[in-house]
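A closer look at the structure
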Amino acid sequence: MAACDGSRPAHPTSAEDIQESTGGVVSTRSTGRGTRPGHGGYDAFMSYSHAADASLAPGLQKGLQLFAKPWYARRGLRVFRDEASLSADPDLWRSVERGLQASAWFICLASPDSAASAWVAREISWWLDNRGPDTILLVVTGGRLPWEPVVPVADVTDESATEPPSALPPALQAAVEGEPRWVDLRWARAATDTSLRHPRFRECVADIAAPLRGVPKDDLIGEEVRQHRRALRLARAAVVSLCTLLVAAVVAAAVAVEQRGQARAEARVASARALAASSGNELPRHADLGQLLAVEAYRLHPDTMTRGALLRSVFTSPQLAWTVQHPEEVAKVAASGDGAMIAVGGAAGSLRVLSADGSTLWDPPPLPARTWSLAVDATGEVVAAADTDGHVQVAHRNGALRSHPAGPGRPGSAAIVALAADASVLFIADGAGPRLVKEPLSSSQVIPLDLGDLTPGVARFTADASALTVTAFDGSQRTIALPSQRTISEVSQRLNPAGFYIPAASANLEHYGLAKDGFVVVRSQTTEDEPVFPAAPLAERAFAVADGGRRVAVGTSEAVSVLDADDSPGLLELPLPLAGAAPVDGLLFPGAGEELISWSGSRVTWWDLAGAARSADVIDYLPDHSGPDIPVRHALSRDGRFLAWAADELVLFDLLEWREVARSALPGGEGAGLRFSDEGSRLVLTPEGGAAEGLSQRLVATRRARVFDTVDLTEVGDLVLPGAPTQIWPARGTDVVVTAPEGLIGRWDTVTGVLVETLVEAPDGVELRDVYTSEVQDGTRGQLARASDDRVEVVNLGDGRTRTFPLRQRRVEAWDEADRLWTATRDGLLEALDPRSGRVVVRLDPRASYASVRTGDEGRLLVGVMPSGRIDVWDVSSTQLLLSFTVPLLRDEEGAEPGVQTEVSVVPGRQALVSSTAGGVLAWWDLEPAALIARACASVGWDLSGRDWRRYAPVEPPSHLQCDRR
């Protein structure tokens, strides 16, 4: 009996023992017929009863196949089992017989059911007849063997007790001469685990596998252990390899994802910069397209370059209020008498009515041919239009439409039309002659007009339609009363030079002029006035005259130039030229010259000439200062909410609510310096002759500073200051710190007006040129910078320690919020110094000398102001010039151009500037990207398409290219 039972004889442990006890049922010798099968054979044939061992047989087969299996082999032994090895066959026994013939050993799963099975008996008979009993392995799964002792019965008086049935098939029992070796698996029927993981089952499998392989059981178990360990090593190695490969794959995937992200990011950067560069190229001629490209560039990748492009797109043409696209090329534009309504006619006859803000009101029915003449009533509800073929129509927004055919004469020639403000009368001039049509939408009452030899070029009704003025292309004009047709006035002067020229009349027809070869001539139709204009650009393409005759516009293939007469007081000076809408096909002043309409191709552009419409919000218009070297002073509260300025009056303005808070007369003139106290309840004003923060030149002594309450701007006291110029800085509460150019620093109480303490004494024997103080906190923290010819000194206000740096010919400009000291060299460079080491940490090359320098946005922005009024905005981190623009300036009453004196402040906590200019404006310049995008989108009445995007960027466009114009 095999040792897997635990009470059986020991299993043979050597090759000799295997030969003496092969596991056969009877023999103690080997016949040689139990050798391992060749290719296609089986190591053993398993015979069993399906009724008794259908669940045990598959587990035993699997255990034998896997026990001590080399890692590279599919199985260690090949065992034939009918359900696993047979395929469908009409002759089942022949299939079983082929399995018996191919097998080297016969494993009999002995049990009472197998002993009674005809199939098992037939298989055993075949094996005994063809192979003999020497290669039969007996595995008992139930019943008892004849050699086993009878188990005593507990109740011997029970006559019904019977002996357990025999497990040995009769055919095999007849062949057995003595007790053979056998393996007991009767316990396995009730076991739930019949795998090699079960120690007892594995031991039994080893008992069976040892003779099948011809290897001692100990060696086989050792081989199983070795194979198991090798398999574990291989598994671990495989796991390690897989983990390594997994880690490598994850790393490679991460690198690939990172590289893909980097590639996409680089593509975005490249596309954004391509869009930004294209924006700069388009701005001079197509500002609307340039703005949209800049907006998309910043949205795609916000950085210094795209931010600069966005800034420039808005500031390049600050007077450009809006641009819209007509469905086709624009042929004619007309405005209502008050300029509130605009009619646009296309080259193929399309019509559209716009409001003064660029929004589309409605589209009248189109003309059959190219638009030649247009007129619109005051409400924008009625449009009269004529085309080049002589077709005239009047359309109402409610759908009413009436055509007015030409009368006898020369039908088909182009017509001139004019419409009364209330649309009650229509003027038509064509080949059939001039005439009036009363109630042109509902009747055909035609009244012929006698204009003599005057050939109408343009006509206009008075506001009440009581008179009609008609002007010819040569400037001759006639005004007649209606309905009497009495001549009120007549002008026979003619402007008809030889060669090509462009004529134009003002909207009210009171002035007429022409442009030719760079010369502009404008004459009044009612007076002898003939204003003189500066030279205009050559190669003019369009010309317009504003009401009043003091302003004209000349359009070329490159830009629009607005020219003011030499003696025009009160007009805002404009940059020359106005870029962004070229080539110019037509111009129209709808009024006195504060607005201008131009058209180019399919684009219609509205220019606001009264201010910097897109780039700035004008807070106030400032008078020319009496002192030409001193700008109008302004100050911002520490939180950036309130703005105060001192000109003829002292004014307090709420920037958050955008309203004036208080205004007070300022006896004694404007101030030279203006500061809020730290908590904002006091304003301190140093009078003219004193110094103010930001001035670098030495000024005369200041003796007193005036103090105002910010509630109602009443004067509540003054400060007795040293006899020297001062800078004023807010300290704690209502106190202020005053810095004298000699270096004396003291803290003053604005309530009592007295010196509270001296923070730094003036040095002896040093002539100081510039003194600048960093922002003072609580009157004790802060730093003072002062310069002489051969050095710069930095004084710590907290402990009074002084650092001296041997920097020659430096001008101290400003401190920034990053605690850097900005200085200007004699070569014009701006250099930021580390106040602890004196080392230059940032260098800018403005290629110009600034009158003053300001910093803000936590040291990221630097603003330089030129004496001419030009303002430069720098990005400090990248040392790039983001923007240059010029502040608006008003002409004085004598027509001379005063020197521009401008002061600029960076609004605390905001990316915004406030500028005040003597003889100009007080303006808010918002540099926030969101505000710039909103301004750019608001001024463009169309959106980029995917096709537009692909012309400029190498990546696919985003799904959303629309501007938010809410």
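All figures in this text were calculated on a predicted structure; none of them were measured in a lab.

**Notes on the overall build of the chain**
- A tally of regular secondary structure across the chain gives 14 helices and 59 strands.
- When contacts within the chain are restricted to residue pairs at least 6 apart in sequence, those whose partners lie at least 24 apart make up 51%.
- Total accessible area on the chain stands at roughly 41700 Å², and carbon and sulfur atoms take up 51% of it.

**Considerations on the confidence of the model for the chain**
- For the chain, mean pLDDT is 82; residues scoring 70 or higher make up 84% of the total.
- Scored below 50 in pLDDT, residues 6-35 makes 77 contacts in the model with residues more than four places away or belonging to other chains.

**Topic: the nonpolar core**
- Within the largest apolar cluster, 43 residues are counted, with the highest numbers of intra-cluster contacts made by Phe315, Ile871, Val873, Phe885, Leu913 and Trp925.
- Counting residues per element, this core draws most heavily on helix α11 (residues 287-300), at seven residues.

**Comments concerning the pattern of salt bridges**
- In this structure the tally under the stated criterion is 43 salt bridges.
- Between Asp678 and Arg638 there is a salt bridge, and its shortest N-O distance comes to 2.3 Å. Of this pair, Asp678 sits in the loop between β37 (671-676) and β38 (682-687) while Arg638 sits in the loop between β33 (633-636) and β34 (642-646), placing them 40 residues apart in sequence.
- Residue Asp678 is classed as partly exposed on the basis of its relative accessible area, which comes to 28%.
- Take Arg638: its relative accessible area is 31%, and that puts it in the partly exposed class.
- Between Asp834 and Arg836 there is a salt bridge, and its shortest N-O distance comes to 3.3 Å.
- For Asp834, a relative accessible area of 14% gives the class buried.
- Among the charged side chains, a network of salt bridges with common partners joins Asp620, Glu649, Glu660 and Arg663.

**Structural notes on the state of the cysteines**
- This structure, assessed with the given rule, holds one disulfide.
- One disulfide in the model links Cys937 with Cys963; its S-S distance is 2.1 Å. Disulfide Cys937 to Cys963: torsion about the S-S bond roughly -55°, handedness left-handed. Of this pair, Cys937 sits in helix α13 (residues 929-938) while Cys963 sits in the segment after α14 (946-950), and the two are 26 residues apart along the sequence.
- Among the residues examined, Cys963 registers a relative accessible area of 10% and is labelled buried.

**Details of the side chain of Ser524**
- For Ser524, the location among the structural elements is in strand β25 (residues 519-524).
- Within polar-contact distance, the side chain of Ser524 engages the backbone nitrogen of Thr526 at 3.1 Å.
- Non-local contacts of Ser524, meaning those with residues more than four positions away in its chain, are made with Gln493, Glu510, His511 and Asp529.

**Observations concerning the side chain of His634**
- Tracing the chain through its elements places His634 in strand β33.
- A distance of 2.7 Å separates the side chain of His634 from the side chain of Ser916, its partner in a polar contact.
- Filtering out sequence-adjacent residues up to four positions away, His634 remains in contact with Leu643, Ala644, Trp645, Leu674, Glu903, Val904, Ser905, Val914, Ser915, Ser916 and Leu922.

**Observations concerning the sheet that holds strand β14 (residues 401-403)**
- Pairing in this open sheet of four strands is antiparallel, and the strands run β11-β12-β13-β14 from one edge to the other. Unpaired on one side and paired on the other, β11 (371-376) and β14 mark the two borders of the sheet. Across this sheet, the average inter-strand angle for adjacent strands is 15°, counted without regard to direction.
- As judged from the five bridges shared by strand β12 (residues 382-387) and strand β13 (residues 392-396), these two strands associate in the antiparallel manner. Residue pairing for β13: Ala384 is matched across the bridge by Val394.

**A look at unusual backbone geometry**
- Each neighbour pair has its own omega, and for Leu482 with Pro483 the value is 10°, a cis peptide bond.
- By the secondary structure assignment, Pro483 is in the loop between β21 (477-481) and β22 (487-491).
- Here the amide bond leading from Ala582 into Pro583 is cis, since omega sits at -5°, within 30 degrees of zero.
- Structurally, the position occupied by Pro583 is in the loop between β28 (560-564) and β29 (586-588).
- Phi at Ala539 is positive, roughly 55°, even though this residue is not glycine.
- Mapped onto the elements, Ala539 comes out in the loop between β25 and β26 (542-545).
- The exposure class of Ala539 is exposed, given its relative accessible area of 61%.
- Phi at Leu713 takes a positive value of approximately 60°, unusual for a residue other than glycine.
- By secondary structure assignment, the location of Leu713 is in the loop between β39 (704-709) and β40 (715-720).

**Topic: the sheet that holds strand β56 (residues 880-886)**
- Here four strands make up an open sheet; going across it, the order is β53-β54-β55-β56 and the pairing antiparallel. Each having just a single partner strand, β53 (852-856) and β56 make up the two edges of the open sheet. Ignoring strand direction, the axes of neighbouring strands in this sheet form an average angle of 20°.
- For strand β54 (residues 861-865) and strand β55 (residues 870-875), the ladder comprises five bridges, and the chain directions are antiparallel. Looking across to β55, one finds that Leu861 is bridged to Asp875.

**Remarks on a positive patch on the surface**
- On the surface, a cluster of positive charge is contributed by Arg229, Arg230, Arg233 and Arg236.
- Looking at the element boundaries, Arg229 is found in helix α10 (residues 217-282).
- Residue classification places Arg229 among the exposed residues on the basis of a relative accessible area of 51%.

**Some words on helix α12 (residues 304-315)**
- Between the first and last C-alpha of α12 there are 16 Å, a value that for 12 residues agrees with the 16 Å anticipated at 1.5 Å per step.
- Of all 12 residues that make up α12, nine are buried, and the element is covered over most of its length.
- Residues Thr306, Arg307, Gly308, Ala309, Leu310, Leu311, Ser313, Val314 and Phe315 constitute the buried set of α12.
- If you follow the buried residues of α12, they end up packed against α10, α11, β54, β56, β59 (921-926) and α13.
- The distance from a side-chain oxygen at the start of α12 to the backbone nitrogen of Met305 is 3.2 Å, and the residue carrying that oxygen is Asp303.

**Concerning the packing of aromatic side chains**
- Tallying each qualifying case throughout the model produces 13 aromatic pairs.
- Their ring planes at 90° and their centres at 5.2 Å tell us that Phe653 and Trp658 sit as a pair that is edge-to-face.
- Overall, Trp658 belongs to the partly exposed group, its relative accessible area being 37%.
- Positioned above the aromatic ring of Trp93 is the side chain of Arg122, whose terminal nitrogen or guanidinium carbon lies 4.1 Å from the ring centre.
- Lying over the aromatic face of Trp127, Arg131 brings its terminal NZ or CZ to 4.9 Å of the ring centre.

**Focus: helix α5 (residues 92-101)**
- Of all the positions in α5, only Trp93, Ser95, Val96, Gly99 and Leu100 are classed as buried. All buried residues of α5 lie within an arc of 160° about the axis, which places them on one face of the element.
- Each element contacted by the buried residues of α5 is listed here: β1 (42-47), β2 (79-80), β3 (103-110) and α7 (118-130).

**Re the pairing of strand β50 (residues 821-824)**
- The side-chain alternation of β50 yields two buried faces, one formed by Leu821 and Thr823 and the other by Trp822 and Ala824.
- Pairing geometry for strand β49 (residues 811-815) and β50, over four bridges, is antiparallel. Looking at β50, one finds that Arg811 is bridged to Ala824.
- The sheet contact formed by β50 and strand β51 (residues 830-833) spans four bridges and is antiparallel. By the bridge assignment for β51, Leu821 is matched with Leu833.
- The hairpin turn running from β50 into β51, its antiparallel successor, is five residues long, and Gly828 in that turn takes a positive phi close to 90°.

**What about the packing of α10 against α12?**
- Closest axis-to-axis distance for the α10/α12 pair is 9 Å, and the angle between their directions is 25°. Relative to α12, the element α10 lies roughly parallel. Of the two elements, α10 crosses α12, and the hand of that crossing is left-handed. Residue-level inspection shows Ala272, Arg273, Ala276 and Ser279 of α10 in contact with α12, the latter providing Met305, Thr306, Ala309 and Ser313.
- Partitioning the contact of α10 with α12 into residue classes produces four nonpolar, three polar and one charged.

Thresholds, definitions, all that
Residues numbered from 1 in each chain as written. Predicted model: local features only at pLDDT ≥ 70, side-chain atom pairs only at ≥ 80, totals over all residues. Heavy atoms only, no water. Helix = DSSP H or I, 4+ residues; strand = E, 2+ residues; numbered from the N terminus. Contact = heavy atoms within 4.5 Å. Areas by Shrake-Rupley, 256 points an atom, 1.4 Å probe, with all protein chains shown as cover. pLDDT = per-residue confidence, 0-100. Core = buried A, V, L, I, M, F, W, Y, C linked by side-chain atoms within 4.5 Å. Buried < 20%, exposed > 50% of the residue type's maximum accessible area, 1.4 Å probe, protein only. Salt bridge = Lys/Arg side-chain N within 4 Å of Asp/Glu carboxyl O. Disulfide = S-S within 2.5 Å. Polar contact = N/O pair within 3.5 Å; in protein donor to acceptor, adjacent residues only side chain to side chain. Pairing = 2+ DSSP bridges. Axes fitted to C-alpha atoms, helices over the stretch in contact; angles between N-to-C directions. Patch = residues over 30% accessible without salt bridge, like charges linked within 9 Å, V, L, I, M, F, W, Y side chains within 5 Å. Lys, Arg positive; Asp, Glu negative; His and termini not counted. Charge placed at Lys NZ, Arg CZ, Asp CG, Glu CD. Expected span 1.5 Å × (residues − 1). Phe/Tyr/Trp six-rings, centres within 6.5 Å; stacked < 30°, edge-to-face > 60°. Lys NZ or Arg CZ within 6 Å of the ring centre and 35° of its normal. Arc of directions from axis to C-beta. Parallel < 35°, antiparallel > 145°, perpendicular 65-115°, else oblique. Left-handed = near helix turned anticlockwise from the far one by under 90°. Nonpolar A, V, L, I, M, F, W, Y, C, P; charged D, E, K, R; others polar.

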